[in-house]
Every structure is written in C-alpha cells, then in structure tokens.
Amino acid sequence: MRVRTKLGMAMVASVLAVAGAARAQEMKMPAQEQGHPMQMTVVKPEYPRTGRAQENAKGGLFTLEQAQKIADESNPTLRQAETEIRAAKARQQQAGLYPNPTVAYTGDEIRGGSVGGGKQGFFVQQTVVTGGKLGLSREVFGKEVKLAEIEAEEQKTRVQSAVKMAFLRVLAAQELLDARRDMAALTRDDAETQRRLMNTGQADETEVLEAEVEAQRMRMSARMQENTLREEWRSLAAVIGQPDLPPATVAGDLEKGWPEINEEEAVEAIAKESPAVRIADVTETRAQNVFSRARREAIPDVQVRGGMEYNHELLGGVPFAKGWEGIAEVAVQVPLFNRNQGNVKAARADIDRAGQEKKRISLTLRERAASAVDQYANARLMAVEYHDEMLPRAKMAYRLMLEKYGQMLASYPRVLDMKRKLYELQIEYIAALESVWTNGIALQGYLLTDGLEAPARPSEVDRPVRETNVPMPERTMSPWEKMRNP
C-alpha cells in the first residue's frame, strides 16, 4: 500500500513538473538568465514618444526660423512681386505724362530759279489734354499699384504658410519614420517568437507565416516612410528656394504650440480680411475710376499750333521780300458721332461685375474655410482624444500585460500584441497632429498655401479662384472609418 502511494505521488509530481515546464516554455522571454530556465528576465516597458530623431541627430538641427529666412532671401515669387510693384508705379508715371509737342518744318508755294518766292518756316504743335483725363488715368494706374502691393503682401503670406506647412510635414514624416521603424522591430520580434513557439509545438506554421507577412509589411512601410521623408524634404527645399539643400533633421515639437483657431472667428476673418477680399475691393474701385475716365473721354482735347514762316514773295516794285510771318492754329474735335458711349457702357458693366466678384470671393472663401475648419476641428478632436484618453489607456494596458507576463500569468505574444496596438495608436496620433498643424496654418494664412505660384499682375488678379487656390479637401475621418496609407 505504501509502495502504491509513493508511486502515485511520484506520478503526480512528474505530471506537475511537465506542466510547469510547458508553461515556462509558453512564457519564455527572448532572453533568460543562464542556468535558471524558470527565472524571467525583467523587461521594462517601452513607450512610444516623439523627438527621438532630434535627440539622435548627427549634425545640427534645421529650424523653422532658418527655413523662413532662406525663403525670404531665395524664393523667386517674392522678388517677382517686388518687380510688379515697380512696374505698376512706372505705368502710373507714364499714364500721367503730358503728350510730347511736335516740331516740324513747313513750306508753301516754293518756287525755284530766278523767280524765287514761296514760304518756308517751322511750327510747334501741342495737344492740350482737357477734362482732367491725365489725373484720372493716374488714379486708374494708382489702383494698379495698390493691387500690386496687396498682391506682394499676399505672396508673402502665401510663402510663409507654404514654408510652415512643408516644414511641419517634414517633422511629421520624421516622427512617423521612427514610429514605423518601431513597428517593424516589434513585428520582427513577434515573428521570431512564433518561430520559437512552433519549435516547441505551441504554434503551427500558419501562425508563423502570418507573423512573417506582418513583419515584412511593416518593414516595407518603414522603407516607404523613408521615401516619404525624402520627398517632404525636397518639397521644403523647393519652397524655400534652395533645391540643393542637403537633408537634415528638423527641430520642432508636434505636441506643443498647436495653432489656436476659433472656428467662427476664423471663417469671418478669412471672408472679410483676406488679401483676396482686399484685392476685390480695390478692383471695384479701379473699375469706378475707369468708368470716370471713360466719361471724360468725350471731352475733346485742344490742338494748338504756332510757328514762323519766311515769305520770299517780293513787295510790289520793291526788291525786298515780305519776310517773317506768324502761324497760329487752334483745333477742337467735335464729339458729334463718337462720344465714347460704348466704352462708358462697358465700364459701367465692369463695375457691376466687380461688385458681384466681391460677393463671389467672399462666398468662396467661406466655403473653403468651412471645409478647412471642419478638418481642423476633427483633427484636433482626434489628437486630444489620443493624447488624453486612448494613449494613456493603451500604455496602462501594455504595462499591466507586461506585469502579468513577469508573473507568468500571460504569454509573451500577448505582450507583443498589446505593444503593437499601442504603437499603432501612436502612428494615428502623429497623423492627427500633422493634420492639426497643416489645417491650422492654412486657416491662419487665409487659405493661401502655394508658395511657388507666381504672383498675379494687376491686370490678372481677377482670374477664377486665383486667390483661393486651396483644393476642396476631403473630410477628416476617424482611423476606423478610413485607413491612412502607410
């Protein structure tokens, strides 16, 4: 009886030992203490964070201030805007100049030989401009100077916004590259863990293949992000005007200093204070000046001519010529048929069109601003939720799972899965931050975001959607509604 009891106890002990060994194998960490297969290596939690690329930068960091300074000096569109101001002022000067006088030779009844006689001399002819037409012409071109100046201000805003957006995109791509590399390393670890589990019979080949596919997908995503970072840097270098600028690590913090936008105030400011609105106002005033100038065109100018002629005709019976004689003429064109009535009607129609253009610009700006505000609001909501709620909970879940693993209450693949979900949230968080920044910058810059579009000339400012060249954006959607491309 004692022998059977001892044998039973031995069998129970053997079964418990096998079960314990199997559980220890399931809980196996990537590394264990030598000689102590049941002693787990203490693993500290690794949380995602931003700014690591800047901490590990080999050279100096490239700042937004440096980018803006280079753009001020090198972006060609700013120089173009300056030349347009000079050209407009030159045209204004030309429009106010008086017509040049005409100096001419005159001859009449000229005879040669022994008879002689005839008249020869000179005269000066001048057009006297009446009705204040020169002053009105100066006013018309003065408005073109004003348009060129506003266009230069707009171009500066456009370049500044474009530089900021390009810089923030480089910063976001830089942060995403670190996050995607982390994901690649994590999935590689998971694939290796599945291989070890298959060697012990705790996983089959399908699980290993699935883990290897995921690891390959994340490696590909990281490599694609490297290409994206290079592309964003090239875009930044082009906008600032130095396409050969060598790549560098940019300095910044996506999580701090977000653009603070009041939605209602932003829409109203864009609809009322945008350079596009100011240009429309000046364009309407210019149309009124053109109308006034067209009405004065019917007032005829005065042609004045005066000069001297030497009359070679001899006085009766006296061998002396009549001598110098004066010439004086005054001519006025009678506006009988052409009173410039067609141009007056056209100018009046242009005034009506300019007034409607002001309304169109305001409505278009409101429409585009509403979409940009919607994107900004959604992106900000997402960023706040990720930062305040989702990421802290995901970090806590990861930490608790890691603690359970240390207590041999959870398997290592579960730890990796929890960590993977945390890093996926971090990638979505960075994407949301990028959207907050880019849409906020666009709203602060009156939706002017193309820093390489040539500034319009005063005669071209009325091009359709010229001042609102932001394309209609897609609605910002939550990550579970629309997957972001890697």
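Residues numbered from 1 in each chain as written. Predicted model: local features only at pLDDT ≥ 70, side-chain atom pairs only at ≥ 80, totals over all residues. Heavy atoms only, no water.

Remarks on the packing of helix α3 (residues 64–74) against helix α5 (residues 133–199)
Thinking step 1. Between α3 and α5, the least distance of the axes is 10 Å, while the angle of their chain directions is 140°. The orientation of α3 with respect to α5, classified from their angle, is oblique. α3 and α5 meet at a crossing whose hand is right-handed. Between α3 and α5, the residues in contact are Leu64, Ala67, Gln68 and Ala71 and Val159, Val163, Lys164 and Phe167, respectively.
Thinking step 2. In terms of residue class, the contact of α3 with α5 is built from six nonpolar, one polar and one charged. (Axes fitted to C-alpha atoms, helices over the stretch in contact; angles between N-to-C directions. Helix = DSSP H or I, 4+ residues; strand = E, 2+ residues; numbered from the N terminus. Parallel < 35°, antiparallel > 145°, perpendicular 65-115°, else oblique. Left-handed = near helix turned anticlockwise from the far one by under 90°. Contact = heavy atoms within 4.5 Å. Nonpolar A, V, L, I, M, F, W, Y, C, P; charged D, E, K, R; others polar.)

Concerning the pattern of salt bridges
Thinking step 1. Following the criterion strictly, the structure yields 29 salt bridges and no others.
Thinking step 2. Between Lys358 and Asp281 there is a salt bridge, with its nearest N and O atoms 3.0 Å apart. Here Asp281 lies in helix α8 (residues 275–296) and Lys358 lies in helix α9 (residues 341–406), a separation of 77 residues in the sequence.
Thinking step 3. On the basis of relative accessibility, which here comes to 30%, the residue Lys358 falls in the partly exposed class.
Thinking step 4. On the basis of relative accessible area, Asp281 is assigned to the partly exposed category, the value being 31%.
Thinking step 5. Between Glu329 and Arg305 there is a salt bridge, with its nearest N and O atoms 2.3 Å apart. With a gap of 24 residues between them, Glu329 in strand β4 (residues 321–332) and Arg305 in strand β3 (residues 302–314) connect regions that are remote in the sequence. (Salt bridge = Lys/Arg side-chain N within 4 Å of Asp/Glu carboxyl O. Buried < 20%, exposed > 50% of the residue type's maximum accessible area, 1.4 Å probe, protein only.)

Some details on the nonpolar core
Thinking step 1. By size, the foremost hydrophobic cluster in this structure holds 73 residues, and its most contacted members are Phe62, Val163, Phe167, Leu236, Ile240, Leu254 and Leu443.
Thinking step 2. Looking at this core element by element, the count peaks at 17 residues for α5.
Thinking step 3. Setting aside chain neighbours within four positions, we find Phe167 in contact with Phe62, Thr63, Leu64, Ala67, Leu236, Val250 and Ala251.
Thinking step 4. In this structure, Ala294, Val344, Ile351 and Ala354 belong to the second largest nonpolar core, which totals seven residues. (Core = buried A, V, L, I, M, F, W, Y, C linked by side-chain atoms within 4.5 Å.)

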